[in-house]
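Letter by letter, the chains look like this.
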Amino acid sequence: MPIRTKRWNDPVEPSDGYRLLVCRYRPRGVKRTDEPWDAWCSALAPSVELHADAYGKSGPAISWAAYAERYRAEMSRQRFWIEGFAARIRAGETMTLLCSSACVDPARCHRTLLAELLETAGRPPAATVDRVRAVIRR
């Protein structure tokens, strides 16, 4: 699947394809004319509450496992956006998911979880795969 992840301020590369910012808040200090992303979809960012819980702003910070579970649950209510972007991926478009400049560990960032969700949604339905396999066997 042609899905990549980066921080929004990482250098733009031709291989990035469609650059989608998936932060809750738009980065401050970036002029609209200088935005290094093609679109911003805050609906695919963690909720304000989940973000606060991850950083311990309202009690002890939650574990990565708890964060991932809650983020996936939140994204189950964002099927419109997930399916829409997955269609672009199915069509062969490369997409780079962009997150905060402060997020230095992609293994512990929602953009990696989102990439997994988009990869799953971007796969052709099983029935289509079975039909293709049947045609290939002939």
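Rules behind the numbers
Residues numbered from 1 in each chain as written. Predicted model: local features only at pLDDT ≥ 70, side-chain atom pairs only at ≥ 80, totals over all residues. Heavy atoms only, no water. Salt bridge = Lys/Arg side-chain N within 4 Å of Asp/Glu carboxyl O. Buried < 20%, exposed > 50% of the residue type's maximum accessible area, 1.4 Å probe, protein only. Helix = DSSP H or I, 4+ residues; strand = E, 2+ residues; numbered from the N terminus. Expected span 1.5 Å × (residues − 1). Contact = heavy atoms within 4.5 Å. Phe/Tyr/Trp six-rings, centres within 6.5 Å; stacked < 30°, edge-to-face > 60°. Lys NZ or Arg CZ within 6 Å of the ring centre and 35° of its normal.

Draft legend 1. Molecular detail of the pattern of salt bridges. Tallying each qualifying case throughout the model produces twelve salt bridges. With a shortest N-O distance of 3.3 Å, Arg 7 and Asp 10 are connected by a salt bridge. Across the pair Asp 16 and Arg 19 runs a salt bridge, and its minimum N-O distance is 2.5 Å. Across this residue pair, the class does not change: Asp 16 and Arg 19 are buried. Several salt bridges converge on common partners, so that one network encompasses Arg 4, Lys 6, Glu 13, Asp 16 and Arg 19.

Draft legend 2. How the structure looks around helix H4 (residues 110-122). Helix length check: H4, at 13 residues, gives a terminal C-alpha distance of 18 Å against a target of 18 Å (1.5 Å per residue), a fit within 8%. Of the surrounding elements, those touching the buried residues of H4 are strand E1 (3-7), helix H2 (64-75), helix H3 (79-90) and strand E4 (95-99).

Draft legend 3. Summary view of the packing of aromatic side chains. By the definition in use, this model includes six aromatic pairs. Both rings, one in Trp 8 and one in Trp 37, keep their centres 5.9 Å apart while their planes meet at 90°; by these two values the pair is edge-to-face. With Trp 8 in the loop between E1 and strand E2 (18-21) and Trp 37 in the loop between E2 and strand E3 (39-40), the pair connects residues that are 29 residues apart, well separated along the chain. Summarising the aromatic geometry, the rings of Tyr 67 and Tyr 71 are spaced 6.4 Å apart at their centres and angled 5° between planes, so their arrangement reads as stacked. Remark: Tyr 71 and Tyr 67 occur in helix H2; sequence separation between them is four residues, near one turn of the helix. Each member of the pair, Tyr 67 together with Tyr 71, is buried. Every member of this aromatic cluster is reached through a ring pair, and the members are Tyr 18, Phe 80, Trp 81 and Phe 85. When the ring centre of Tyr 18 is taken as origin, the NZ or CZ atom of Arg 88, which lies over that ring, is 3.8 Å away.

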